[in-house]
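Inside the fold
One letter stands for each residue in the lines below.
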Amino acid sequence: MASRPPPTGRPSKAGVSLNRALSKLGLCSRTQAEVLIAAGRVRVGGKVVRDASLRVDLGRDRIVVDGEHVVAERKVYVMLNKPRGLVTTRDDPQQRDTVYACLEGLDLPFVSPVGRLDKASEGLLLMTNDTHFANRLMDPGSHLPKTYHVQIGAVPDEAMLDKLRAGVTVDGETLTANSIALLRSGGRTAWLEIVLDEGRNRHIRRLLAAHGIEVKRLIRIAIGRLPLGDLAKGAARHLTPEELALLAG
C-alpha cells in the first residue's frame, strides 16, 4: 500500500472550515477560533489566514496558532451532574454561569457538551472533544434513549397519563415519548419517569405544558445504558472504559 503523503502547506478545497478545524483539534470553540483567525493569529501553510470559512484538510494542512503547531488532543470523555441554573454553553452573551464551572480542577483539553440541558434542568450531561462520538450519540437515527425523572405540579390519573403518552403537536412539531410512568405522588405533586429517544427543544416541558402541567424539576438520570449514579451535583469525572462500552451499542 502506498504511504500517505506528508502534510503540506496548501489549504485543501475539501475538509472542514478553519474555525471548525480548530474546534475539532480540541484547541477552542468555533466562536473562539473565529476571534483568533480575525486577529491574524492563525497560519495555514506558513501564511496568515483571516478567513474562518477557509477549507482545510486536517490530515494534510499544517495549522499554526501563535507560533505553535496545532495537533489533535487526546480524546476525553467526561460525565457531569449538571445543577439547575447553569447554561450548557462555554460563551454566554448574557454572562450567565455555565456548565464549564463544573470542570474546574480537571486536566482537560477543550471539550463540548453532547447535546444540551436547559438552564432549569439537571442531571447527566456528557462532554467530549471526540466529535465522531458526540455526533453518533446525537444522531436521531441512533434512537438512543434518555431517561428523565420529572416532578410535576399535579397528580395525574391514568386517563391523563394516557393523554401524555399519546403525544401532542405544538407549533407544528409532534412531541411524543417512548414511555411515561408514574413513579410516586404525594400532596399536589408527583414524579414521572419519562424516556425519550429524540431531543427536541424543551421537549418534555412543552409536552407537559400543552396539558397545563407545570414542571417543578427535571433531572436526566441516564443516557442509553449509562446511569448518572451517585455522582454528586456539580461534580464531573472521566468516564471509565466500562461506561464507554455502555454507550457503544
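Reading the values: the criteria
- Residues numbered from 1 in each chain as written.
- Predicted model: local features only at pLDDT ≥ 70, side-chain atom pairs only at ≥ 80, totals over all residues.
- Heavy atoms only, no water.
- UniProt positions renumbered as here; feature names shortened; annotations may be inferred.
- Helix = DSSP H or I, 4+ residues; strand = E, 2+ residues; numbered from the N terminus.
- Buried < 20%, exposed > 50% of the residue type's maximum accessible area, 1.4 Å probe, protein only.
- Lys, Arg positive; Asp, Glu negative; His and termini not counted.
- Charge placed at Lys NZ, Arg CZ, Asp CG, Glu CD.
- Pairing = 2+ DSSP bridges.
- Domains from an automatic or database assignment.
- Contact = heavy atoms within 4.5 Å.
- Core = buried A, V, L, I, M, F, W, Y, C linked by side-chain atoms within 4.5 Å.
- Polar contact = N/O pair within 3.5 Å; in protein donor to acceptor, adjacent residues only side chain to side chain.
- Phe/Tyr/Trp six-rings, centres within 6.5 Å; stacked < 30°, edge-to-face > 60°.

An unreviewed UniProt entry lists the protein under the name Pseudouridine synthase, with Rhizobium loti given as the organism. Taken directly from UniProt, the Sequence similarities (unreviewed entry) text for the protein runs: "Belongs to the pseudouridine synthase RsuA family."

**Here's the deal with the overall build of the protein**
Helix and strand counts for the protein stand at six helices and 17 strands. Across its three principal directions, the C-alpha atoms of the protein cover 70 × 40 × 40 Å. In the protein, buried positions account for 41% of the 249 residues. Positive and negative charge centroids in the protein, built from 37 and 28 side chains respectively, lie 4 Å apart.

**Let's talk about the pairing of strand 13 (residues 179-186)**
Here strand 13 pairs with strand 14 (residues 189-196) via seven bridges, running antiparallel. Residue pairing in the sheet places Leu182 in a bridge with Leu192 of strand 14. Between strand 13 and strand 14, which pair antiparallel and follow one another directly, the connecting turn spans two residues, one of which, Gly187, has a positive phi of 65°.

**Quick look at the domain arrangement of the protein**
Splitting the protein by domain gives domain 1 (14-67), domain 2 (75-139 + 225-244) and domain 3 (144-222). Summarising the inter-unit geometry, the C-alpha centres of domain 1 and domain 3 are found 43 Å apart.

**Considering the environment of Ala190**
Along the chain, Ala190 falls in strand 14. Considered as a pair, Ala190 and Gly153 are 37 residues apart in the sequence and their alpha carbons are 6.8 Å apart. Dropping the residues within four chain positions of it, Ala190 is found in contact with Val150, Gln151, Ile152, Ala154, Val155, Pro156, Leu182, Arg184 and Ser185.

**Looking at the nonpolar core**
Generally speaking, nonpolar side chains in soluble globular proteins are found buried as a group. Core analysis: the largest hydrophobic core is formed by 34 residues, its most contacted members being Leu103, Val150, Ile180, Leu192, Ile194, Ile204 and Leu208. Mapped onto this core, the elements with two or more residues apiece are strand 7 (77-82), strand 9 (122-128), strand 10 (146-152), helix 4 (158-166), strand 11 (168-170), strand 14, helix 5 (203-209) and strand 15 (215-223). Of the residues that make up this core, three or more belong to each of domain 2 (75-139 + 225-244) and domain 3 (144-222). Not counting chain neighbours up to four residues away, the residues in contact with Val150 comprise Ala190, Trp191, Leu192, Ile194, Ile204, Leu208, Val215, Arg217 and Leu218. Formed by 17 residues, the second largest nonpolar core is a distinct cluster that contains Val16, Ala21, Leu36 and Ala52.

**A look at the environment of Leu226**
Relative to the helices and strands, Leu226 resides in strand 16 (residues 226-227). A relative accessible area of 0% places Leu226 in the buried class. A C-alpha to C-alpha distance of 19 Å links Leu226 and Lys75, two positions 151 residues apart in sequence. When near neighbours in sequence (up to four residues on either side) are disregarded, Leu226 contacts Leu124, Leu126, Ile221, Leu239, Glu243, Leu246 and Leu247.

**Describing the side chain of Glu122**
Position of Glu122 among the secondary structure elements: in strand 9. Among the polar contacts made by the side chain of Glu122, one reaches the side chain of Arg84 at a distance of 3.4 Å. Among the polar contacts made by the side chain of Glu122, one reaches the side chain of Arg217 at a distance of 2.9 Å. Those residues within four positions of Glu122 in sequence are excluded, and the remaining contacts are Lys82, Pro83, Arg84, Leu117, Arg217, Leu218, Ile219, Arg220 and Lys233.

**Describing the sheet that holds strand 2 (residues 42-44)**
Ordered by their spatial adjacency, four strands build an open sheet running 3-2-5-6, and the pairing between neighbours is antiparallel. Across the chains shown, the open sheet's two edge strands, defined by having one partner strand only, are strand 3 (47-48) and strand 6 (68-69). Pairing of strand 2 with strand 5 (residues 63-65) involves three bridges; the strand directions are antiparallel. The residue of strand 5 that forms the bridge with Arg43 is Val64.

**Things to note about the packing of aromatic side chains**
If you walk through the whole model with that rule in mind, you get one aromatic pair. With centroids separated by 4.9 Å and ring planes inclined at 70°, the aromatic side chains of Tyr77 and Phe133 adopt a geometry described as edge-to-face. With Tyr77 in strand 7 and Phe133 in helix 3 (residues 131-138), this residue pair connects regions lying 56 residues apart in the sequence. A relative accessible area of 16% places Tyr77 in the buried class.

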